[in-house]
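# Structure assessment
Residues per chain, in single letters:
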Amino acid sequence: MINRLKNASLFYIPYLILFGLSVVFYFYQSHGDFVIWLNSLHNPVWDIFFKYWTHTGSVYFFTAICILLIFLNRRFGFILALIGISVLTISLFFKFILFPEAPRPIIYFEPGLLHIVSGVDVLSMNSFPSGHAMAAFALGAFMSLMLQSNNYSSMFLIGASLTALSRIYLSQHFLIDVMAGSLIGVIMATGLYIYFEKYLNRENLGNDNTPDEDLEAMDLND
């Protein structure tokens, strides 16, 4: 498993750096400062981009990737589906059980202060944590471990980070929401992948291929 983490290091190492910088920024600024700053950069191009890119953290996008992967390889698809169910369950538990009254930026700030992108349904409660960030980073971590390519790992980190930023830009979440969501997503995906990789490689699976042999058959490493 050490080799797998090493081959996905361009996802994990930059992520830890970004997370550390976010922690420093968060503790030296007011709760909503990052929302105000990022939202103030609005322009028509960013509006359109983030309006649609944010869906890469949705349940529908995650489900579509799971279904596609199940057709390509049922083992990886099964693990990703389990990660998705776990992420959704934890997200709902935090939002509706632990922090049901956590306000979102739209009601935290004075009316009219934030730029609202046309066509975006801005929510008002259940802000913590960001489910979209959780799903995007869980998917990015899983795909990085599965594909074992630092080139892909960098792409997945950038994609997940843009999803997290989209939630703040669109006034749906605060910085702490996406920070927590990303961390939970990475931990869940990595932990479940490690656990099931050991299970899939047990000798009692008979003549079934190992995950690495499955990857060769899928020809996803080239």
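Residues numbered from 1 in each chain as written. Predicted model: local features only at pLDDT ≥ 70, side-chain atom pairs only at ≥ 80, totals over all residues. Heavy atoms only, no water.

## Examining the overall build of the chain
Definition in use: Only DSSP runs of H or I with at least four residues qualify as helices, and only runs of E with at least two residues qualify as strands; both kinds are numbered from the N terminus onward. Under the scheme applied here, a residue whose accessible area is under 20% of the maximum for its type counts as buried, over 50% as exposed, and between as partly exposed, the area being computed with a 1.4 Å probe on protein chains only. A contact between two residues is defined here by any heavy atoms of the two lying within 4.5 Å. In these tables, accessible area is a Shrake-Rupley quantity obtained with a 1.4 Å probe, and a residue counts as shielded only by the protein chains included in the view.
Each helix and strand in the chain was counted, giving 11 helices and zero strands. When burial is assessed residue by residue, the chain has 45% of its 222 residues classed as buried. The long-range share in the chain, meaning contacts at least 24 apart out of those at least 6 apart in sequence, stands at 83%. Accessible surface computed for the chain: about 11800 Å², of which carbon and sulfur atoms make up 67%.

## Topic: the nonpolar core
What counts here: Definition used in this section: a nonpolar core is a set of buried Ala, Val, Leu, Ile, Met, Phe, Trp, Tyr and Cys residues joined via side-chain atoms within 4.5 Å.
Core analysis: the biggest nonpolar cluster contains 50 residues, and Ile83, Phe137, Phe142 and Met146 have the highest contact counts within it. The biggest single contributor to this core is helix H8 (residues 131–147), with 13 residues. In this view, phenylalanine 142 contacts Leu69, Phe76, Ile79, Leu80, Ile83, Ala189 and Tyr193; residues no more than four positions away in its chain are not counted.

## Examining the confidence of the model for the chain
As a reminder, the rule being used: For every residue, the pLDDT score states the predictor's confidence, bounded by 0 at the bottom and 100 at the top.
Overall, the predicted model of the chain reaches an average pLDDT of 90, with 88% of residues at or above 70. Low pLDDT, under 50, characterises residues 203–207; the predicted model gives this stretch three contacts beyond four residues in sequence or across chains.

## Thoughts on unusual backbone geometry
In this structure, the amide linkage connecting phenylalanine 128 to the following residue, proline 129, adopts the cis form with an omega of -10°. In this structure, glutamine 148 is a non-glycine residue whose phi angle is positive, near 55°. With respect to the helices and strands, glutamine 148 occurs in the loop between H8 and helix H9 (150–169).

## What to know about the side chain of threonine 56
Inspection of the secondary structure puts threonine 56 in the loop between helix H4 (44–53) and helix H5 (59–72). With a relative accessible area of 16%, threonine 56 lands in the buried category. Non-local contacts of threonine 56, meaning those with residues more than four positions away in its chain, are made with Phe61 and Thr163.

## As for the packing of H5 against H8
The relative placement of two packed helices comes down to the angle between their axes together with the axis-to-axis distance. The criterion, for reference: The axes are straight lines fitted to the C-alpha atoms, using for helices just the contacting stretch, and the angles between their N-to-C directions are given from 0 to 180°. Geometric relationships in this document are graded by angle, where less than 35 degrees denotes roughly parallel, more than 145 denotes roughly antiparallel, 65 to 115 denotes roughly perpendicular, and other angles denote oblique. The crossing is said to be left-handed when, going from far helix to near helix, the turn is anticlockwise and less than a right angle, and right-handed when the turn is clockwise. Just so you know the grouping, Ala, Val, Leu, Ile, Met, Phe, Trp, Tyr, Cys and Pro go in nonpolar, Asp, Glu, Lys and Arg go in charged, and all remaining residues, Gly too, go in polar.
Two elements in contact, H5 and H8, have axes whose closest approach is 10 Å; the angle formed by their N-to-C orientations is 25°. One finds that H5 runs roughly parallel with respect to H8. Of the two elements, H5 crosses H8, and the hand of that crossing is left-handed. Of H8, the residues touching H5 (which contributes Phe61, Phe62, Ile65 and Leu69) are Ala135, Leu139, Phe142 and Met146. Classifying every residue of the contact of H5 with H8 by side-chain character gives eight nonpolar, no polar and no charged.

## Points about the environment of valine 120
The topology assignment puts valine 120 in the loop between helix H7 (105–108) and H8. Exposure remark for valine 120: the relative accessible area of 18% places this residue in the buried category. Along the sequence, valine 120 and serine 171 sit 51 residues apart, while their C-alpha atoms lie 9.6 Å from each other. In contact with valine 120, not counting residues within four places along its chain, are Lys51, Leu170 and Gln172.

## Structural notes on the environment of methionine 134
For methionine 134, the position within the fold is in helix H8. The exposure class of methionine 134 is buried, given its relative accessible area of 0%. As a C-alpha pair, methionine 134 and methionine 188 span 54 residues in sequence and 9.2 Å in three-dimensional space. Other than its neighbours up to four places away in sequence, methionine 134 contacts Val87, Ile90, Ser91, Pro129, Gly181, Ser182, Ile184 and Gly185.

## Comments concerning H9
For clarity, the threshold we go by: The span expected for a helix works out to 1.5 Å for each residue beyond the first.
Counted at 1.5 Å a residue, the expected span for H9 with its 20 residues is 28 Å, and the 28 Å between its end C-alpha atoms agrees. All buried positions along H9 are accounted for by Ser153, Leu157, Gly159, Ala160, Ser161, Thr163, Ala164, Ser166, Arg167, Ile168 and Tyr169.

## Some points on the packing of aromatic side chains
Just so we agree on the cut-off: Stacked, tilted and edge-to-face pairs are distinguished by plane angle, under 30 degrees for stacked and over 60 for edge-to-face with tilted covering the rest, among Phe, Tyr and Trp rings (Trp via its six-membered ring) whose centres lie within 6.5 Å.
Tallied over the full model, the rule gives 24 aromatic pairs. Where tyrosine 15 meets phenylalanine 137, the ring centres are 5.3 Å apart and the plane angle is 50°; that geometry is what we call tilted. You can see tyrosine 15 sitting in helix H2 (residues 9–28) and its partner phenylalanine 137 sitting in helix H8, a full 122 residues away along the chain. Given a relative accessible area of 4%, tyrosine 15 falls into the buried group. When the ring of tryptophan 46 is compared with that of phenylalanine 49, the centres are 6.0 Å apart and the planes differ by 75°; the resulting orientation is edge-to-face. Here the residue tryptophan 46 and the residue phenylalanine 49 both occupy positions in helix H4, the gap between them amounting to three residues, near one helical turn. Judged by relative accessible area, which is 38%, tryptophan 46 ranks as partly exposed. Ring pairs connect the aromatic residues Phe11, Tyr12, Tyr15, Phe19 and Phe137, which therefore count as one cluster.

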